[in-house]
Amino acid sequence: MGKLLVAVVLVLLIAFSCTLMIKTPSLPGSFSLKSAISLLDSFEYHLVETGEINSLYGVQLNRGMYGVFKNFDGMFYVFKYEDEKLTKNDWNRLIKTFGSVLKINYFKFSLFDRGYLQTKFEDLNVITWWKGNWLFVITGNNSKEFFEYINKVYGMIQ
């Protein structure tokens with residue numbers, strides 16, 4: 001009985017330590033969609049274009065915005081919700097369009113208060129995550145680099 005308990009505790013510790021290393025940058029709920037994108041405008045990634053959006057890859061989502069940045073070969077999408085449950089629900093519906101766990105380059109984790117998915121979809125690298133009332137999607141060839149940039153900028157606000 002004691003060995004089983006130790007094994008269960010070790011498995012839980014390993015699982016939680018891995019998920020704590022995965023970053024899910026987010027903003028406080030007081031921020032607007034426009035400010036969520038405008039914050040990222042810098043010399044490194046100059047904001048070229050923004051627009052409103054309410055669906056992505058055929059999935060109807062809440063009101064959101066997209067941003068196009070110079071030096072980033074892709075798009076950044078932000079959606080804001082009134083309720084965390086709605087955020088998680090839409091995130092789950094969206095990630096179903098990106099394929100299944102059987103893909104070679106598919107990494108996903110989902111907790112009670114956040115989720116993260118990294119995969120390849122239609123020849124684009126996709127990173128999507130949700131946390132709190134926010135849902136974020138990055139599509140593009142250098143999406144991992146842009147994700148790290150977002151983590152750095154949003155991390156300064158937290």
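Please refer to the structure higher up on the page.
The rules behind each value
Counting of residues starts from 1 at the beginning of each chain's written sequence and follows it residue by residue. Given that the model is predicted, a residue must reach a pLDDT of at least 70 before its local features are reported, and side-chain atom pairs must reach 80 or more before they are shown or counted; all residues, however, enter totals for whole chains, interfaces and linings. Computation of side-chain values covers all heavy atoms of the structure but excludes hydrogens and water. For two strands to count as paired, DSSP must find a minimum of two bridges between them. Secondary structure counts use DSSP, requiring at least four H or I residues in a row for a helix and at least two E residues in a row for a strand, with both numbered from the N terminus. Fitted lines through C-alpha atoms serve as axes, helices being fitted only where they are in contact, and the angles separating the N-to-C directions of these axes extend from 0 to 180 degrees. We call two residues in contact whenever any of their non-hydrogen atoms come within 4.5 Å of each other. Only rings of Phe, Tyr and Trp enter the pairing, Trp through its six-membered ring, and a pair is recorded when the two centres are within 6.5 Å. The plane angle decides the type: under 30 degrees is stacked, over 60 is edge-to-face, the rest tilted. Exposed residues in this analysis have more than 50% of their type's maximum accessible area, buried residues have under 20%, and partly exposed residues fall in between, with area computed by a 1.4 Å probe over protein chains only.

Caption draft 1: Region of the structure containing the pairing of strand 5 (residues 114-121). Sheet analysis places strand 4 (residues 107-110) next to strand 5, joined by four bridges and oriented antiparallel. Directly across from Ser110, in strand 5, lies its bridge partner Gly115. Following strand 4, the chain reverses through three residues before pairing antiparallel with strand 5. Sheet topology places strand 5 next to strand 6 (residues 124-131); eight bridges connect them, and they run antiparallel. Along strand 6, the bridge assignment pairs Lys120 with Asn125. Once strand 5 ends, the chain turns through two residues before running back antiparallel as strand 6, passing Glu122 with a positive phi of about 50°.

Caption draft 2: Just the sheet that holds strand 1 (residues 47-56), in detail. Pairing is antiparallel across the open sheet formed by seven strands, whose spatial order is 1-2-3-7-6-5-4. Each having just a single partner strand, strand 1 and strand 4 make up the two edges of the open sheet. The mean inter-strand angle of the sheet, taken between neighbouring strand axes irrespective of direction, is 15°. Seen against the sheet, helix 4 (residues 143-157) touches strand 2 (59-69), strand 3 (74-80), strand 5, strand 6 and strand 7 (134-140) and runs at an angle of roughly 25° to strand 6.

Caption draft 3: Representation of the packing of aromatic side chains within the structure. Per the counting criterion, the structure on display carries 17 aromatic pairs. Relative to Phe136, the ring of Trp129 lies with its centre 4.9 Å away and its plane at 20°, an arrangement referred to as stacked. The pair formed by Trp129 and Phe136 is uniform in burial state, with each residue classed as buried. Judged by centre distance (6.0 Å) and plane angle (35°), the ring pair of Phe146 and Tyr149 falls under tilted. Taken together, the residues Phe146 and Tyr149, both in helix 4 and three residues apart, mark about one turn of the helix. Overall, Phe146 belongs to the buried group, its relative accessible area being 0%. Residue Tyr149 is classed as buried on the basis of its relative accessible area, which comes to 6%.

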